[in-house]
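An overview of the molecular structure
Residues per chain are reported as follows:
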Amino acid sequence: MLEGSDHLSPFLTISREDWARLAPNTELPLTDEEVKKLAGLGDPIDLKEVDAIYRPVSKLIEIYVQRQRQIAKERRQFLSEPETKVPFVVGIAGSVAVGKSSIARALQRLLQRFDQTPKVDLVTTDGFLLPNKELEERGLLGRKGFPDSYDRHALLRFLAEVKSGQQHVQAPVYSHVIYDVVPNEFISIDQPDILIVEGINVLQPPRINPHSHQPTLAVSDYFDFSIFIDAHHQDVESWYVDRFLSLREGAFRDKDSFFRAYADLDDEAAVSLARQIWTEINLVNFVQNIRPTRSRADLIIHKASDHRVSKLLLRKL
Ligand SMILES: Nc1ncnc2c1ncn2[C@@H]1O[C@H](COP(=O)(O)OP(=O)(O)O)[C@@H](O)[C@H]1O
Ligand SMILES: CC(C)(COP(=O)(O)O)[C@@H](O)C(=O)NCCC(=O)O
């Protein structure tokens with residue numbers, strides 16, 4: 001039996017142990033083939049963790065998908081609306097370096113295995129960052145990842161098109177190698193069963209229109225289910241620094257890397273630079289903009305310092 005801690009909280013708190021106990025009762029255990037595919041991701045996500053934690057998360061999302069399809073069908077009949085395929089949209093938020101991309105990719109693979117949702121697409125919001133040239137002109141280069149560094153209107157338009165059942169909706173692409181949006185490169189989203197939208201700011205509350213003083217649309221208005229990946233910021237800092245050190249051995253050595261100069265830093269200089277970028281940019285963004293959106297999620301997944309999930313908070317229905 002799952003136990004909630006505070007009966008007045010909008011969330012049911014579920015311990016790791018209770019949640020992991022759901023896995024054996026969840027259909028679709030991982031096959032050898034699936035395990036191989038997931039292992040290929042090369043991210044700090046343990047396969048046992050995928051099975052124990054993220055497999056039940058995928059089952060939970062499927063329950064919400066079925067509920068949404070049922071409501072949509074009944075509503076269409078009631079309103080005599082035409083039949084359209086509307087993707088179920090899952091938002092995944094959380095700090096830089098908290099591991100959102102690994103979790104998003106694991107969930108994509110897990111969700112694809114259900115007969116009802118074979119087509120699961122994934123979009124990261126970095127493609128909607130303003131190009132560096134524009135950030136520079138607006139004095140925002142040191143604020144990459146802050147809400148004002150994104151083309152919010154383009155992201156809202158993209159989601160509106162996807163949610164209205166349009167085919168071949170284009171999303172721009174970001175490259176961590178060139179540290180910029182890639183000119184003229186797009187991915188096409190063509191009526192998937194589920195679209196996962198992953199990015200640090202996807203749960204930002206609606207802005208207030210300066211002219212009308214009314215709240216505008218928020219990105220999360222298009223979400224059918226949202227997840228916040230949570231961790232103590234000291235843990236995320238150490239993951240950020242560790243990742244910076246491994247990138248120094250890998251991606252920073254790429255001849256096109258924006259960070260080519262960082263490849264030759266010694267350990268001490270690299271750690272110090274990573275901590276500086278973390279403290280001056282990413283931590284500030286986390287405290288000011290990202291963490292305050294945590295309670296807007298339907299599911300909060302809390303990771304401990306070893307990346308293992310320690311508890312989950314699920315919004316009560
Ligand atoms: N400078 C970089 N060079 C290459 N890859 C990077 C760089 N910074 C981040 N990444 C990769 O980009 C992805 C997104 O990272 P991030 O936005 O920090 O979110 P998260 O760690 O929560 O997935 C991760 O797969 C990460 O490994
Ligand atoms: C590209 C990011 C803003 C993340 O974007 P997201 O896909 O979450 O919208 C982030 O990974 C980043 O590069 N931040 C800038 C500071 C830094 O280099 O760590």
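What counts and what doesn't
Residues numbered from 1 in each chain as written. Chains lettered and ligands numbered in written order. Predicted model: local features only at pLDDT ≥ 70, side-chain atom pairs only at ≥ 80, totals over all residues. UniProt positions renumbered as here; feature names shortened; annotations may be inferred. Near = placed C-beta within 6 Å. Helix = DSSP H or I, 4+ residues; strand = E, 2+ residues; numbered from the N terminus. Nonpolar A, V, L, I, M, F, W, Y, C, P; charged D, E, K, R; others polar. Pairing = 2+ DSSP bridges. Axes fitted to C-alpha atoms, helices over the stretch in contact; angles between N-to-C directions. Parallel < 35°, antiparallel > 145°, perpendicular 65-115°, else oblique. Left-handed = near helix turned anticlockwise from the far one by under 90°. Contact = placed C-beta atoms within 7 Å. Buried ≥ 20, exposed ≤ 12 C-beta atoms within 10 Å, placed from the backbone. Core = buried A, V, L, I, M, F, W, Y, C linked by C-beta atoms within 7 Å.

As recorded in an unreviewed UniProt entry, the protein chain goes by Pantothenate kinase and comes from Boudabousia liubingyangii. Quoted verbatim from the Sequence similarities (unreviewed entry) field of the UniProt record, the comment on the protein chain reads "Belongs to the prokaryotic pantothenate kinase family." Under the UniProt heading Catalytic activity (unreviewed entry), the note attached to the protein chain is "(R)-pantothenate + ATP = (R)-4'-phosphopantothenate + ADP + H(+)".

A closer look at the site of ligand 2
Neighbouring ligand 2 are Val 96, Thr 124, Thr 125, Asp 126, Lys 144, Gly 145, Gly 199, Ile 200, Ile 277, Ile 281 and Asn 282. The element contributing the most residues to the shell around ligand 2 is helix α8 (residues 267-290), with 3 residues. Here the shell around ligand 2 is composed, by residue class, of 4 nonpolar, 5 polar and 2 charged.

Comments concerning the sheet that holds strand β3 (residues 120-124)
Judged by pairing direction, the sheet is mixed, and its 7 strands sit side by side in the order β1-β9-β8-β7-β2-β6-β3 without closing on themselves. Only two strands of the sheet have a single partner each, and these edge strands are β1 (11-15) and β3. Strand-to-strand twist of the sheet, defined as the mean angle between neighbouring strand axes without regard to direction, takes the value 20 degrees. Relative to strand β7 (residues 225-230), strand β2 (residues 88-94) runs parallel, the two sharing 5 bridges. Within β7, the position partnered with Gly 91 by the bridge is Ser 226.

Brief notes about the packing of helix α7 (residues 233-249) against α8
It is the contact of α7 with α8, at a shortest axis distance of 9 Å, that shows an interaxial angle of 135 degrees. When the interaxial angle is binned, α7 and α8 end up oblique. Seen along the crossing, α7 lies across α8 with a hand that is right-handed. Residues His 233, Glu 237, Tyr 240, Val 241, Phe 244, Leu 245 and Arg 248 of α7 pack against Ala 270, Val 271, Ala 274, Arg 275, Trp 278, Asn 282, Leu 283 and Phe 286 of α8.

Some points on the UniProt feature "binding site: ATP" (unreviewed entry) in the protein chain
UniProt feature "binding site: ATP" (unreviewed entry): in the numbering of this structure it lies at Gly 94, Ser 95, Val 96, Ala 97, Val 98, Gly 99, Lys 100 and Ser 101. Along the polypeptide, Ala 97 turns up in the loop between β2 and α4 (100-112). Its 23 C-beta neighbours within 10 Å are what place Ala 97 among the buried residues. Not counting chain neighbours up to four residues away, the residues in contact with Ala 97 comprise Val 236, Trp 239, Tyr 240 and Arg 243. Within the fold, Gly 99 resides in the loop between β2 and α4. Residue classification places Gly 99 among the buried residues on the basis of 21 C-beta atoms within 10 Å.

Thoughts on the nonpolar core
Of all hydrophobic cores here, the largest spans 71 residues; its most connected members are Val 90, Leu 107, Ile 196 and Leu 312. A total of 7 residues in this core trace back to one element, the largest contributor, which is helix α3 (residues 47-79). Residues contacting Leu 312, with those up to four places away along its chain left out, are Ile 14, Trp 19, Leu 299, Ile 300 and Ile 301.

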